[in-house]
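Each chain is listed here by its residues.
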Amino acid sequence: VESTILVGHPAEEILDYADKERCGLIIMATHGRSGIRRWALGSVADKVVRAATQPVALIRAKGARPDVREAGILNRALVPLDGSKESEAVIPYIEELASKLEAEIILLQVLERGSHVYAGGEGGTIIPYTDAEMEPLKATAASYLEEIISLLNSKGIPTRSEVRVGAAAKEIINLADETNSDLVAISTHGRSGVSRWAFGSVADKVLHAGNTPLLVVRIPETGTD
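Residues numbered from 1 in each chain as written. Predicted model: local features only at pLDDT ≥ 70, side-chain atom pairs only at ≥ 80, totals over all residues. Heavy atoms only, no water.

**Q** Any details on helix 1 (residues 10-20)? Residues and values, ideally.
**A** Since there are 3.6 residues in each turn of an α-helix, residues three or four apart along the chain are aligned in direction. Every buried residue of helix 1 is listed here: A11, L15 and A18. On an axial view of helix 1, the arc spanned by its buried residues comes to 65°, and they lie on one face. Here the buried face of helix 1 lies against strand 1 (26-30) and helix 2 (43-51). Immediately beyond the C-terminal end of helix 1, within one or two residues, lies R22, with a positive phi of roughly 55°. (Buried < 20%, exposed > 50% of the residue type's maximum accessible area, 1.4 Å probe, protein only. Helix = DSSP H or I, 4+ residues; strand = E, 2+ residues; numbered from the N terminus. Arc of directions from axis to C-beta. Contact = heavy atoms within 4.5 Å.)

**Q** With reference to specific residues and values, describe the pairing of strand 2 (residues 56-60).
**A** With four of its five residues buried, strand 2 lies for the most part within the structure. Relative to strand 2, strand 1 is paired through five bridges, and the arrangement is parallel. The residue bridging I26 from the neighbouring strand is V56, located in strand 2. Here three bridges tie strand 2 to strand 9 (residues 214-219), and the two strands are oriented antiparallel to one another. Paired with L58 across the bridge in strand 9 is L214. (Pairing = 2+ DSSP bridges.)

**Q** Please set out the nonpolar core residue by residue, giving values where relevant.
**A** Ranked by internal contacts, the top residues of the largest apolar core, which has 28 residues, are V48 and L78. Sorting elements by how many residues they give to this core places helix 6 (residues 168-178) first, with five residues. Other than its neighbours up to four places away in sequence, V48 contacts A11, I14, L15, I26, M28 and V56. Residues I91, Y144, L145 and L215 belong to the second largest nonpolar core, which totals 27 residues. (Core = buried A, V, L, I, M, F, W, Y, C linked by side-chain atoms within 4.5 Å.)

**Q** Before we move on, can you summarise the pairing of strand 4 (residues 104-111) with the specific residues and values?
**A** Of all eight residues in strand 4, eight are buried; the element is thus mostly enclosed. Of the two faces of strand 4, the one carrying E104, I106, L108 and V110 and the one carrying I105, L107, Q109 and L111 are both buried. Strand direction decides the pairing type here: strand 3 (residues 76-80) and strand 4, joined by five bridges, are parallel. What sits directly across from P80, in strand 4, is L108. With respect to chirality, the unit in which strand 3 leads through helix 4 (residues 91-101) into the neighbouring parallel strand 4 is right-handed. By the bridge criterion, seven bridges tie strand 4 to strand 7 (residues 159-165) in an arrangement that is parallel. Among the inter-strand pairings, Q109 is bridged to a residue of strand 7, identified as V163. (Right-handed = clockwise from strand over helix to strand, strands pointing away.)

**Q** Please provide a residue-by-residue account of the confidence of the model for the protein chain, values included.
**A** Put simply, the protein chain has an average pLDDT of 82, and 80% of its residues get 70 or more. Across residues 34-40 the pLDDT falls below 50, and counting only partners more than four positions away or on other chains, this stretch makes 23 contacts in the model. (pLDDT = per-residue confidence, 0-100.)

**Q** Please provide a residue-by-residue account of the side chain of R218, values included.
**A** If you trace the backbone, R218 turns up in strand 9. From its side chain, R218 meets the backbone oxygen of R50 in a polar contact 2.9 Å long. (Polar contact = N/O pair within 3.5 Å; in protein donor to acceptor, adjacent residues only side chain to side chain.)

**Q** Mind laying out the pattern of salt bridges, listing which residues take part and the relevant values?
**A** Summed over the entire model, instances satisfying the criterion amount to 12 salt bridges. When the shortest N-O distance is used, the salt bridge between R50 and D46 registers 2.9 Å. Of this pair, R50 and D46 both sit in helix 2, separated by four residues, roughly a single helical turn. Pair check on accessibility: R50 and D46 agree, each one buried. Ionic pairing is found between R50 and D204, a salt bridge with its closest N-O pair at 2.8 Å. Linking R50 in helix 2 with D204 in helix 7 (residues 201-209), this pair joins segments that are 154 residues apart in sequence. Residue R50 is classed as buried on the basis of its relative accessible area, which comes to 16%. (Salt bridge = Lys/Arg side-chain N within 4 Å of Asp/Glu carboxyl O.)

Below is the structure:
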(Lines give C-alpha, C1' and ligand atoms only; values in the text may rest on other atoms or scores of the structure.)
Protein backbone atom coordinates (compact mmCIF):
# COMPACT_ATOMS: atom_id res chain seq x y z
CA VAL A 1 0.00 0.00 0.00
CA GLU A 2 1.26 3.45 -0.95
CA SER A 3 -0.32 6.84 -0.29
CA THR A 4 -0.28 10.06 -2.29
CA ILE A 5 -1.65 13.53 -1.58
CA LEU A 6 -2.37 15.73 -4.57
CA VAL A 7 -3.51 19.33 -4.87
CA GLY A 8 -5.99 20.45 -7.51
CA HIS A 9 -9.38 19.50 -8.90
CA PRO A 10 -10.08 16.02 -7.43
CA ALA A 11 -11.47 14.34 -10.56
CA GLU A 12 -8.73 15.67 -12.82
CA GLU A 13 -5.99 14.75 -10.33
CA ILE A 14 -7.36 11.22 -9.92
CA LEU A 15 -7.55 10.71 -13.68
CA ASP A 16 -4.09 12.17 -14.35
CA TYR A 17 -2.49 10.17 -11.55
CA ALA A 18 -4.13 6.93 -12.70
CA ASP A 19 -2.78 7.49 -16.21
CA LYS A 20 0.69 8.49 -15.02
CA GLU A 21 1.03 5.49 -12.70
CA ARG A 22 -0.61 3.11 -15.19
CA CYS A 23 -3.18 2.01 -12.63
CA GLY A 24 -5.23 -0.99 -13.68
CA LEU A 25 -8.30 -0.10 -11.61
CA ILE A 26 -9.79 2.91 -9.84
CA ILE A 27 -11.96 2.14 -6.80
CA MET A 28 -14.14 4.84 -5.26
CA ALA A 29 -16.91 5.09 -2.71
CA THR A 30 -19.82 7.34 -3.57
CA HIS A 31 -22.75 8.60 -1.54
CA GLY A 32 -26.07 6.87 -2.08
CA ARG A 33 -29.37 8.67 -2.29
CA SER A 34 -33.00 7.67 -1.88
CA GLY A 35 -36.15 8.50 -3.78
CA ILE A 36 -36.17 9.14 -7.51
CA ARG A 37 -32.38 9.14 -7.77
CA ARG A 38 -31.47 6.23 -5.55
CA TRP A 39 -27.83 6.55 -6.52
CA ALA A 40 -27.07 10.21 -7.22
CA LEU A 41 -23.32 10.29 -7.77
CA GLY A 42 -21.12 12.96 -6.30
CA SER A 43 -19.53 15.21 -8.90
CA VAL A 44 -16.05 13.72 -8.43
CA ALA A 45 -17.09 10.08 -8.83
CA ASP A 46 -19.40 11.00 -11.70
CA LYS A 47 -16.63 12.70 -13.64
CA VAL A 48 -14.11 9.96 -12.94
CA VAL A 49 -16.36 7.11 -14.10
CA ARG A 50 -17.29 9.02 -17.26
CA ALA A 51 -13.77 10.00 -18.26
CA ALA A 52 -11.42 7.28 -16.97
CA THR A 53 -9.79 4.97 -19.49
CA GLN A 54 -9.23 2.42 -16.73
CA PRO A 55 -11.96 0.24 -15.26
CA VAL A 56 -13.70 1.99 -12.36
CA ALA A 57 -15.35 0.25 -9.41
CA LEU A 58 -17.93 2.31 -7.54
CA ILE A 59 -19.03 1.26 -4.08
CA ARG A 60 -22.17 2.90 -2.73
CA ALA A 61 -21.41 4.21 0.77
CA LYS A 62 -24.88 5.06 2.03
CA GLY A 63 -27.16 2.08 2.42
CA ALA A 64 -24.35 -0.44 1.90
CA ARG A 65 -25.34 -3.98 2.83
CA PRO A 66 -24.60 -4.61 6.55
CA ASP A 67 -23.85 -8.30 5.99
CA VAL A 68 -20.86 -7.76 3.70
CA ARG A 69 -18.20 -8.60 6.27
CA GLU A 70 -20.02 -11.71 7.45
CA ALA A 71 -21.07 -13.00 4.04
CA GLY A 72 -17.99 -11.98 2.07
CA ILE A 73 -17.16 -9.08 -0.21
CA LEU A 74 -17.74 -10.80 -3.54
CA ASN A 75 -19.63 -14.06 -3.64
CA ARG A 76 -21.71 -13.40 -6.75
CA ALA A 77 -21.22 -11.09 -9.73
CA LEU A 78 -23.74 -10.23 -12.44
CA VAL A 79 -22.28 -9.68 -15.91
CA PRO A 80 -24.64 -8.27 -18.56
CA LEU A 81 -23.69 -9.06 -22.16
CA ASP A 82 -25.39 -8.04 -25.40
CA GLY A 83 -23.80 -10.55 -27.76
CA SER A 84 -21.10 -8.20 -29.02
CA LYS A 85 -17.34 -8.61 -28.64
CA GLU A 86 -17.26 -5.15 -27.08
CA SER A 87 -19.52 -6.21 -24.22
CA GLU A 88 -17.25 -9.21 -23.59
CA ALA A 89 -14.33 -6.89 -22.72
CA VAL A 90 -15.44 -7.07 -19.09
CA ILE A 91 -14.96 -10.85 -18.92
CA PRO A 92 -11.15 -10.94 -18.30
CA TYR A 93 -11.56 -8.55 -15.36
CA ILE A 94 -14.41 -10.39 -13.70
CA GLU A 95 -12.71 -13.72 -14.48
CA GLU A 96 -9.63 -12.70 -12.51
CA LEU A 97 -11.69 -11.41 -9.59
CA ALA A 98 -13.94 -14.46 -9.50
CA SER A 99 -11.07 -16.95 -9.67
CA LYS A 100 -9.24 -15.33 -6.76
CA LEU A 101 -12.32 -14.80 -4.59
CA GLU A 102 -14.12 -18.04 -5.52
CA ALA A 103 -17.17 -16.10 -6.65
CA GLU A 104 -20.06 -17.23 -8.80
CA ILE A 105 -20.80 -15.42 -12.06
CA ILE A 106 -24.26 -14.86 -13.50
CA LEU A 107 -24.33 -13.94 -17.18
CA LEU A 108 -27.34 -11.98 -18.41
CA GLN A 109 -28.56 -11.04 -21.85
CA VAL A 110 -31.59 -8.79 -22.14
CA LEU A 111 -33.56 -8.81 -25.38
CA GLU A 112 -35.83 -6.00 -26.46
CA ARG A 113 -39.22 -7.26 -27.55
CA GLY A 114 -39.36 -7.02 -31.33
CA SER A 115 -42.40 -5.86 -33.23
CA HIS A 116 -44.16 -6.12 -36.57
CA VAL A 117 -44.81 -2.83 -38.35
CA TYR A 118 -47.74 -2.75 -40.73
CA ALA A 119 -48.13 0.18 -43.09
CA GLY A 120 -51.51 1.83 -43.28
CA GLY A 121 -53.20 4.95 -42.07
CA GLU A 122 -51.13 7.88 -40.90
CA GLY A 123 -48.65 6.08 -38.70
CA GLY A 124 -49.15 2.42 -39.46
CA THR A 125 -49.65 -0.27 -36.84
CA ILE A 126 -47.02 -1.71 -34.50
CA ILE A 127 -47.69 -5.13 -33.03
CA PRO A 128 -45.19 -6.53 -30.51
CA TYR A 129 -43.82 -10.04 -30.96
CA THR A 130 -45.68 -12.70 -29.06
CA ASP A 131 -43.89 -14.83 -26.47
CA ALA A 132 -43.77 -17.64 -29.02
CA GLU A 133 -42.08 -15.38 -31.57
CA MET A 134 -39.49 -14.37 -28.98
CA GLU A 135 -38.55 -17.96 -28.18
CA PRO A 136 -36.09 -18.43 -31.12
CA LEU A 137 -34.34 -15.20 -30.16
CA LYS A 138 -34.11 -16.31 -26.55
CA ALA A 139 -32.72 -19.68 -27.65
CA THR A 140 -30.01 -17.97 -29.69
CA ALA A 141 -29.08 -15.77 -26.74
CA ALA A 142 -28.97 -18.77 -24.41
CA SER A 143 -26.69 -20.63 -26.83
CA TYR A 144 -24.35 -17.62 -26.98
CA LEU A 145 -24.16 -17.41 -23.19
CA GLU A 146 -23.59 -21.15 -22.94
CA GLU A 147 -20.36 -20.81 -24.91
CA ILE A 148 -19.03 -18.30 -22.39
CA ILE A 149 -20.23 -20.47 -19.50
CA SER A 150 -18.21 -23.39 -20.89
CA LEU A 151 -15.11 -21.20 -21.12
CA LEU A 152 -15.42 -19.96 -17.53
CA ASN A 153 -16.36 -23.37 -16.14
CA SER A 154 -13.23 -24.83 -17.74
CA LYS A 155 -11.26 -22.41 -15.58
CA GLY A 156 -13.03 -23.53 -12.43
CA ILE A 157 -15.37 -20.55 -12.19
CA PRO A 158 -19.00 -21.50 -11.43
CA THR A 159 -21.17 -19.70 -13.96
CA ARG A 160 -24.84 -19.69 -14.89
CA SER A 161 -26.93 -17.54 -17.18
CA GLU A 162 -30.32 -15.99 -17.68
CA VAL A 163 -32.08 -14.44 -20.69
CA ARG A 164 -34.75 -11.82 -20.12
CA VAL A 165 -36.98 -9.69 -22.31
CA GLY A 166 -37.48 -6.02 -21.52
CA ALA A 167 -35.58 -2.79 -20.91
CA ALA A 168 -31.90 -3.63 -20.39
CA ALA A 169 -31.12 -1.36 -17.43
CA LYS A 170 -34.29 -2.28 -15.56
CA GLU A 171 -33.74 -6.02 -16.01
CA ILE A 172 -30.09 -5.74 -14.92
CA ILE A 173 -31.07 -3.89 -11.74
CA ASN A 174 -33.93 -6.30 -10.99
CA LEU A 175 -31.82 -9.43 -11.45
CA ALA A 176 -28.98 -7.99 -9.35
CA ASP A 177 -31.47 -7.43 -6.53
CA GLU A 178 -33.21 -10.78 -6.96
CA THR A 179 -29.94 -12.75 -6.85
CA ASN A 180 -28.32 -10.63 -4.11
CA SER A 181 -25.38 -10.00 -6.43
CA ASP A 182 -22.42 -8.29 -4.81
CA LEU A 183 -21.25 -6.64 -8.02
CA VAL A 184 -22.52 -5.74 -11.48
CA ALA A 185 -19.72 -5.72 -14.05
CA ILE A 186 -20.47 -4.02 -17.36
CA SER A 187 -18.63 -2.77 -20.43
CA THR A 188 -19.36 0.64 -21.88
CA HIS A 189 -17.99 2.65 -24.78
CA GLY A 190 -15.54 5.42 -23.98
CA ARG A 191 -15.40 8.79 -25.63
CA SER A 192 -12.68 11.33 -26.29
CA GLY A 193 -12.37 14.99 -27.15
CA VAL A 194 -15.46 17.12 -26.73
CA SER A 195 -17.57 14.15 -25.70
CA ARG A 196 -15.13 13.05 -22.98
CA TRP A 197 -17.85 13.00 -20.35
CA ALA A 198 -20.26 10.88 -22.40
CA PHE A 199 -21.39 7.58 -20.91
CA GLY A 200 -23.24 4.55 -22.23
CA SER A 201 -26.99 4.85 -21.71
CA VAL A 202 -27.52 1.41 -20.16
CA ALA A 203 -24.48 1.63 -17.87
CA ASP A 204 -25.49 5.16 -16.90
CA LYS A 205 -28.98 4.05 -15.88
CA VAL A 206 -27.65 1.07 -13.91
CA LEU A 207 -25.13 3.35 -12.25
CA HIS A 208 -27.68 5.89 -11.09
CA ALA A 209 -30.65 3.65 -10.31
CA GLY A 210 -29.04 0.42 -9.16
CA ASN A 211 -28.45 -0.79 -5.60
CA THR A 212 -25.31 -2.82 -6.25
CA PRO A 213 -21.61 -1.87 -6.50
CA LEU A 214 -20.68 -1.40 -10.15
CA LEU A 215 -17.53 -2.24 -12.10
CA VAL A 216 -17.35 -0.27 -15.34
CA VAL A 217 -14.88 -1.34 -18.03
CA ARG A 218 -14.30 1.29 -20.68
CA ILE A 219 -14.08 0.27 -24.33
CA PRO A 220 -12.25 2.93 -26.42
CA GLU A 221 -13.91 4.06 -29.62
CA THR A 222 -12.34 2.75 -32.80
CA GLY A 223 -13.52 5.68 -34.90
CA THR A 224 -13.05 9.41 -34.54
CA ASP A 225 -15.37 11.96 -32.95
